[in-house]
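Residue-level listing of the chains:
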Amino acid sequence: MKSIEKGLHMDPFVLFCTVIVLSLVQGTAGASNTTTELINGFTATPGKNDAEFEPLLADPTGVFAFGFWHVGSTKLDLAVIHLPSSEPVWRAVPFNPVNWASTTTLSFDGNLVLTDTSIQKDPIWSTNVTMGDFVALRNTSNLEINHFGNDKSPVWQSFDHPFDTLVQGQNFTALSPLFTANNRYTFRIGMGNIALYMLFGASQEINYWKHSAVEADGQLYGVVDPQGFFYLHNTDGSKAEQIPFNSFNRGFVGLHRMTLQTDGNLNAYYWDDKQWVLDYTAISEPCALPGTCGSYGLCFPGQHKCSCLVNGTDGCLQTDSGDFCGKGNSDFSFVRRAGVTVEYTDLMLSIPVESLDDCEKTCQSNCSCWGALYVNTSKHCYLMDSPIQTVEVSENSYQGYFKLRNGSGGKSSDDSGGKKGHGVMIGLLVTLTIVFVALAAYGGYFFWDRRRNKLPRVQLGGPTQEMVQGPYKDLHTMANT
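As a starting point, this report considers the structure included with it. Keep in mind the model is a prediction, meaning the values are calculated, not measured. (Residues numbered from 1 in each chain as written. Predicted model: local features only at pLDDT ≥ 70, side-chain atom pairs only at ≥ 80, totals over all residues. Heavy atoms only, no water.)

We now examine the overall build of the protein chain. Summing up its helical and strand segments, the protein chain has five helices and 37 strands in all. Here the protein chain, with 481 residues, has 43% of them falling under the buried criterion. If you sum the accessible surface of the protein chain, you get close to 25,100 Å²; carbon and sulfur atoms cover 54% of it. (Helix = DSSP H or I, 4+ residues; strand = E, 2+ residues; numbered from the N terminus. Buried < 20%, exposed > 50% of the residue type's maximum accessible area, 1.4 Å probe, protein only. Areas by Shrake-Rupley, 256 points an atom, 1.4 Å probe, with all protein chains shown as cover.)

Have a look at this one:
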């Protein structure tokens, strides 16, 4: 009590100095100073220490903090960190981290701005608002810019700009998809469904997982509920579906998050005061993830083993973006493989055909087609508009046909591989040309010989042979004999 009373009757000069120091701590953050508000005039640069995370702002409970987060050994990103686990739940510039150096500055003057003058003079990132009075971090992990006296309606919030994670209570909308740090995988919510995509090339996306809401009525939005489920709503607020996690209806109400993993899977977790516990996974079989074995990779379910459908110079064959259309792109080889499939055939273009040969010809004649899967039982042909990624070894009746760019250096791991696609037609033309020339030469010789000897024609060598045009796969054999 004596110390409290002494503090209450502090000398006016000491009290004044204390207020000034506290204001400086609030206005300028160093390596060891954190506060619950950042006000106009705040600036900070990363310290020279090797800490994984340098906090600048804390939430009132001390569970979350905002600050400089080390990316690798020399880079940094702005991040909101779950302190007990050191897990980032939000990042500002995951695709373009800046240098951990004195050239990097975070400032606030109504707009939160990150600059790195060693990269460019203009800001690397900002919140693009100009009317904020202070920055605060809520106990939900939401980073907000607010006005004094009106902190219920933030002028900017991190919840509207997620990176790879949704925390409970955060709305998931069509305007705020999740991304992985390499920008390869995306999780989106759309018209009646949620879906996972993989980027191919600069802009083409492969949809490899989709879940349609049971009671969807147009555009959806979602939210992770603390009782252990992902709640999908229609725009009018009505329920579209509840996707339960393992902890649902088990009496556990705690911190939950949903994260898009670096392998393209979607997982949910809850914090049990010691660790993050896996609570949900969208794709349970690793072979169903396109990146598990990579481009032209073979995956063996339940064995955690990969091999190559087509070998490359370093592992399985890698391929660039694009198609087989246009000058210089039309020449290709192909490889066949029986007993393979992918988990997402229901998301691929499917057409009815009469045979495997028809399926192959359909893909061969389409310059945008990279491969096809033929199902003998249903006589359906599934077409791929990008190179095959992970293909799953299966005992079903799927027959695979996969194109390869000529000159890519790929070598098939199957005896039937490495065959020409466009080259088949070239080989056929060459063969027919040779036959035509031979017949023309023989005809010329026949009439010359008849005129010379004035004798009737004598058939030599047995009955005349008729060239019959065989099926597509036989034409290849003819062209290479």
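A few words on empty space enclosed by the protein. Tallying each qualifying case throughout the model produces one cavity of 30 Å³ or more. For the largest cavity, the calculated volume is near 30 Å³. Along the walls of the largest cavity sit Val89, Trp90, Ser141, Ser158, Phe159, Thr165 and Gln170, which together make up its complete lining. Within the lining of the largest cavity, the residues separate by chemical class into three nonpolar, four polar and no charged. (1 Å grid on protein atoms, 1.4 Å probe; cavity = no way out; pocket = protein on both sides within 12 Å on 5 of 7 lines; lining within 4 Å. Points joined across faces, edges and corners; volume = space filled by probe spheres on them. Nonpolar A, V, L, I, M, F, W, Y, C, P; charged D, E, K, R; others polar.)

The full count for this structure, using the stated rule, is 18 aromatic pairs. Chaining the aromatic ring pairs together yields one cluster made of Phe200, Phe324, Phe332 and Trp370. Lying across the ring of phenylalanine 300, lysine 305 places its NZ or CZ 4.6 Å from the centre. Positioned over the ring face of phenylalanine 332 is lysine 403, at 4.5 Å from the centre of the ring. (Phe/Tyr/Trp six-rings, centres within 6.5 Å; stacked < 30°, edge-to-face > 60°. Lys NZ or Arg CZ within 6 Å of the ring centre and 35° of its normal.)

For the rest of this paragraph, the subject is the nonpolar core. Counting residues in each nonpolar core, the largest one holds 63 residues, and the members touching the most others are Phe187, Phe230 and Phe402. If you look at the next biggest cluster of nonpolar residues, it comprises 31 residues, including Phe68, Phe108, Val135 and Trp156. (Core = buried A, V, L, I, M, F, W, Y, C linked by side-chain atoms within 4.5 Å.)

Further remarks concern helix H3 (residues 356-364). For H3, the set of buried residues is Asp357, Cys359, Glu360, Cys363 and Gln364. Taken end-on, H3 shows its buried residues confined to a sector of 160°, consistent with a single buried face. (Arc of directions from axis to C-beta.)

Alignment of strand E18 (residues 193-200) against strand E19 (residues 204-212), held across eight bridges, turns out to be antiparallel. If you follow asparagine 193 over to E19, its bridge partner there is serine 212. Hairpin remark: E18 followed by E19, antiparallel, with three residues in the connecting loop; positive phi at glycine 201, about 70°. (Pairing = 2+ DSSP bridges.)

Okay, the state of the cysteines next. Within the structure shown, the criterion is met by six disulfides. Two residues share a disulfide in this structure: cysteine 287 and cysteine 299, whose sulfurs sit 2.0 Å from each other. Judged by the sign of its S-S torsion, about -80°, the bond between cysteine 287 and cysteine 299 is left-handed. Taken together, the residues span a long stretch of sequence, with cysteine 287 in the loop between strand E25 (276-281) and strand E26 (297-300) and cysteine 299 in strand E26 at a distance of 12 residues. The disulfide that involves cysteine 363 links it to cysteine 369, with 2.1 Å between the sulfurs. In this structure, the disulfide formed by cysteine 363 and cysteine 369 twists by about -100° around the S-S bond and is classed as left-handed. For cysteine 363, a relative accessible area of 0% translates into the label buried. The exposure class of cysteine 369 is buried, given its relative accessible area of 2%. (Disulfide = S-S within 2.5 Å.)

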